[in-house]
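Summary of structural features
If you want the building blocks of each chain, they are given just below.
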Amino acid sequence: MFTKIPLQTPPNETLVNITDQVNAAVQASGVKEGVCFLFVPHTTAGLTVNSAVDPNTSLDILSELRRLVPTRVDFHHTFDTPADAAGHIKSTLVGVSVMLMVSEGRLLLGGSQSVLFCEFDGPRAREVWVRVIADLS
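Quick look at the structure, then. Every residue gets a number counted from 1 within its own chain, in the order that chain's sequence is written. Side-chain atom pairs in this predicted model are given and counted only at pLDDT of 80 or more, local residue features only at pLDDT of at least 70, and totals for whole chains, interfaces and linings cover all residues. Hydrogens are left out, water is left out, and the side-chain values use all remaining heavy atoms of the structure.

**Re the side chain of Ser114**
Secondary structure is summarised from DSSP: a helix means a run of H or I of at least four residues, a strand means a run of E of at least two, and numbering begins at the N terminus for each. Examined against the element boundaries, Ser114 turns out to sit in strand S7 (residues 113-122). Since its relative accessible area comes to 9%, Ser114 is described here as buried. Any pair of residues with heavy atoms lying within 4.5 Å of one another is described as a contacting pair. Sequence-distant contacts of Ser114, that is, excluding residues within four places in its chain, are made with Asn17, Thr19, Thr48, Val49, Asn50, Ala52 and Leu109. Relative accessibility under 20% of the residue-type maximum defines a buried residue, over 50% an exposed one, and the middle range a partly exposed one, all with a 1.4 Å probe and only protein chains included.

This is the structure:
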């Protein structure tokens, strides 16, 4: 069984800190030791673990992704918009899943680490699927 974290993202591109929502899902699962698997069922979004302490970190990550994959009109895939095509590529580069350790009923993260939802084609109604698996040992 898994739970869903609903998100309503703002326009354009952004990184949304969802650490508190994921920790709430972990706590609700009752699992004290194990792993938490996160999955984004969207093709223009992703997940990453990085710092949310300094908001400029998110700006730097998005800026670099825009440099690597600028929105342009010469993509082969422009079903919706060129931004949609760029979002597909950025999602592929970032990835759509993350597995994290759970210890003492919480995510085991470094001091400045956070779980960040990556929106590459907002605004959208999005979901993050959460599956918490207990340690069997």
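On we go.
**As for the sheet that holds strand S8 (residues 125-134)**
Spatial strand order, S1-S8-S3-S5-S6: 5 strands in an open sheet with antiparallel pairing. Since the sheet does not close on itself, it has two edges, and those belong to strand S1 (3-8) and strand S6 (106-107), each with one partner. Paired strands, as defined in this entry, are two strands with at least two bridges between them according to DSSP. Two strands pair when backbone bridges link them, and S1 and S8 are joined in this way by 6 bridges, in the antiparallel orientation. What sits directly across from Pro6, in S8, is Glu127.

**Focus on unusual backbone geometry**
The amide bond that connects Gly122 to the next residue, Pro123, takes the cis arrangement and shows omega of 5°. In this structure, Asn12 is a non-glycine residue whose phi angle is positive, near 70°. Of note, Asn12 is situated in strand S2 (residues 12-17). Accessibility expressed as a relative area gives 56% for Asn12, which makes it exposed. Of note in the backbone geometry, Glu104 takes a positive phi value of approximately 55° without being a glycine. Among the secondary structure elements, Glu104 is positioned in the loop between strand S5 (97-103) and S6.

**A short note on the pattern of salt bridges**
In the sections that follow, a salt bridge refers to a side-chain nitrogen of Lys or Arg positioned within 4 Å of a carboxyl oxygen of Asp or Glu. In the structure shown here, the tally under the stated rule is 5 salt bridges. A salt bridge links Glu64 to Arg67, with the shortest nitrogen-to-oxygen separation between them at 2.5 Å. Of the two residues, Glu64 and Arg67 are both situated in helix H2 (residues 55-68); the distance of 3 residues between them amounts to about one turn of the helix. Accessibility expressed as a relative area gives 36% for Glu64, which makes it partly exposed. Exposure remark for Arg67: the relative accessible area of 55% places this residue in the exposed category. Notably, a salt bridge pairs Arg124 with Asp121, separated by 2.5 Å at the nearest N-O pair. Relative accessible area serves as the criterion here: at 11%, Asp121 is assigned to the buried category.

**Some points on the sheet that holds S2**
Ordered by their spatial adjacency, 3 strands build an open sheet running S2-S7-S4, and the pairing between neighbours is antiparallel. Of all the strands in the sheet, the pair left with one neighbour each is S2 and strand S4 (45-51). Neighbouring strand axes in the sheet, compared pairwise and without regard to direction, differ in orientation by 25° on average. As judged from the 5 bridges shared by S2 and S7, these two strands associate in the antiparallel manner. Directly across from Asn17, in S7, lies its bridge partner Leu116. Only the contacting stretch of a helix is used when fitting its axis, a line to C-alpha atoms as for every element, and angles between N-to-C directions run 0 to 180 degrees. Here H2 sits on the sheet and contacts S2, S4 and S7; the angle it forms with S2, its principal contact strand, is near 140°.

Everything listed is a geometric property; what it means functionally is a separate question.
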